[in-house]
Amino acid sequence: MSKNITIQEGGVGKQLTVDKLKTNLVGGGTCLWLPEDEVALGRKTITENGTFLAADDGLYGYARVTVRGVGKAAGVDRDGDEASAKTTSDGRLVVQKLPSRIVVETLPMLTAYSDGEPINYRGMVVKAYLRSGRVWTDTTHPDGVIPLSELILPVTQAEMSNVHSDIWRDGAGINARMLTYTPRWYLDWKGDEVVVYCSEVVGTRNDLPAMLGDKSGPTQFLITRYNGDIYCMGSTAKRYLNGYTYDASAEKSNYSLFSGTNANTGTGPVVCNGNLLHFATGIPVSTVKPEGTPNLRPVNAFQTVPVQWERPEDDKMLETEFEITVVEAPES
């Protein structure tokens, strides 16, 4: 639309300057027409859900809008935190960050119990955290602390039957270590990722942490060294003691199998355990031959105590844990 308009009056042209024109709309009301070179149009890149007004950017409209990443990861905001979104009564979209984990910041005042004692959670402080690592807060949790009244505490008493410990002894010369096979992975000769089950570190090989493992799934068993042999007890099935090393400096952390330790946990001494003795130095030594069914007891026995919380908005259960020490109840 031209800004300079000439109108004839009595055969004489009069030039007028027009800033804008107002016209009637068919359905009622009016609209303004502005000179094209005075209409400010801009570009906008949108990376999150919401309602966006050109006027908020000082513009009449957008000549180009680019949308990136919206809906790419449902339930995750632009900071990588879990989030929920809801529309208010006036049409605004409100995004609320959600906590992704809870942490026991301060242990309860009492963490040592006799078997059968009730667990006292007094003094425990639990906080909620976002996925990005920052403390989560809202109007009812301004410092991220979850009140004890909101926590779910399913374990009510200390129990020797639920304890775990790395070191077990019978008091008569047998000293064993509890090994737990948990899922890990390694790259096979084709470069494919393969799941294996490895123990805690039991030694070193070629300056790398070494552990035992196999492909049969998770398990627990006791292991000891005696008179140049390795003995195992308590495995739920016949298990292999293959050797694995862990290389954290690799492009991807990798558990690599090394050969020559394909022993199994049958009865008596572990079969073909010569190479195990060279690197598995983190296995306790017994002074008597492990045989029969010795009465092994855990040393510094720990019981894992779960702590749960249903987060707001979606009631998803978040869980953490802490440990208490448990000893045999004194005889009356």
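About the cut-offs
Residues numbered from 1 in each chain as written. Predicted model: local features only at pLDDT ≥ 70, side-chain atom pairs only at ≥ 80, totals over all residues. Heavy atoms only, no water. pLDDT = per-residue confidence, 0-100. Helix = DSSP H or I, 4+ residues; strand = E, 2+ residues; numbered from the N terminus. Buried < 20%, exposed > 50% of the residue type's maximum accessible area, 1.4 Å probe, protein only. Salt bridge = Lys/Arg side-chain N within 4 Å of Asp/Glu carboxyl O. Pairing = 2+ DSSP bridges. Phe/Tyr/Trp six-rings, centres within 6.5 Å; stacked < 30°, edge-to-face > 60°. Lys NZ or Arg CZ within 6 Å of the ring centre and 35° of its normal.

Re the confidence of the model for the protein chain
Considering every residue of the protein chain, the mean pLDDT works out to 79; 75% of them sit at 70 or more. Confidence scores differ between elements of the protein chain, with strand E6 (residues 61-67) showing the lowest mean pLDDT of 62 and strand E12 (residues 145-146) the highest of 96.

A closer look at the environment of Leu 110
Tracing the backbone shows Leu 110 in the loop between strand E9 (101-106) and strand E10 (112-114). Take Leu 110: its relative accessible area is 37%, and that puts it in the partly exposed class. The spacing of Leu 110 and Ile 324 is 214 residues in sequence and 8.5 Å in space, taken between C-alpha atoms.

Side note on the pattern of salt bridges
A full pass over the atoms with the stated rule returns 7 salt bridges. A cluster of three or more residues bridged by salt bridges with shared partners is formed by Glu 82, Arg 131, Arg 311, Asp 314 and Lys 316.

Things to note about the sheet that holds E12
Spatially, the 3 strands line up as an open sheet ordered E9-E11-E12, and their pairing is antiparallel. Looking at which strands have only one partner, the edges of the open sheet turn out to be E9 and E12. Pairing of E9 with strand E11 (residues 125-129), which is carried by 5 bridges, proceeds in the antiparallel orientation. If you follow Val 104 over to E11, its bridge partner there is Val 126.

Re unusual backbone geometry
Of note in the backbone geometry, Asn 206 takes a positive phi value of approximately 55° without being a glycine. Along the chain, the position of Asn 206 falls in the loop between strand E16 (193-205) and strand E17 (208-214). Its relative accessible area of 61% is what places Asn 206 among the exposed residues. Residue Asp 315 is not a glycine yet carries a positive backbone phi of 60°. Among the structural elements, Asp 315 can be located in the loop between strand E23 (302-310) and strand E24 (317-327).

So, the pairing of E24
Here E24 shows one buried face, formed by Leu 318, Thr 320, Phe 322, Ile 324 and Val 326, and one open face, formed by Met 317, Glu 319, Glu 321, Glu 323, Thr 325 and Val 327. As paired strands, E10 and E24 are joined by 3 bridges and run parallel to one another. Its bridge partner being in E24, Ala 112 is matched across the sheet by Thr 325. Remark: 6 residues form the turn of the hairpin made by E23 and E24, two consecutive strands paired antiparallel; Glu 313 in that turn has positive phi of roughly 80°.

Observations regarding the packing of aromatic side chains
Aromatic ring pairs are reported here in terms of the distance separating the ring centres and the angle at which the planes meet. Under the counting rule described, the total for this entry stands at 4 aromatic pairs. Summarising the aromatic geometry, the rings of Tyr 121 and Phe 322 are spaced 6.2 Å apart at their centres and angled 90° between planes, so their arrangement reads as edge-to-face. Of this pair, Tyr 121 sits in the loop between E10 and E11 while Phe 322 sits in strand E24; the two residues are 201 residues apart in sequence, bridging distant segments of the chain. The same class applies to Tyr 121 as to Phe 322, namely buried. Both rings, one in Tyr 181 and one in Phe 221, keep their centres 5.4 Å apart while their planes meet at 85°; by these two values the pair is edge-to-face. Of this pair, Tyr 181 sits in strand E15 (residues 175-187) while Phe 221 sits in strand E18 (residues 219-226); the two residues are 40 residues apart in sequence, bridging distant segments of the chain. There is no split in this pair, since Tyr 181 and Phe 221 are both buried. In this structure, Arg 101 is placed above the aromatic ring of Tyr 129, and the distance from its NZ or CZ to the ring centre is 4.8 Å.

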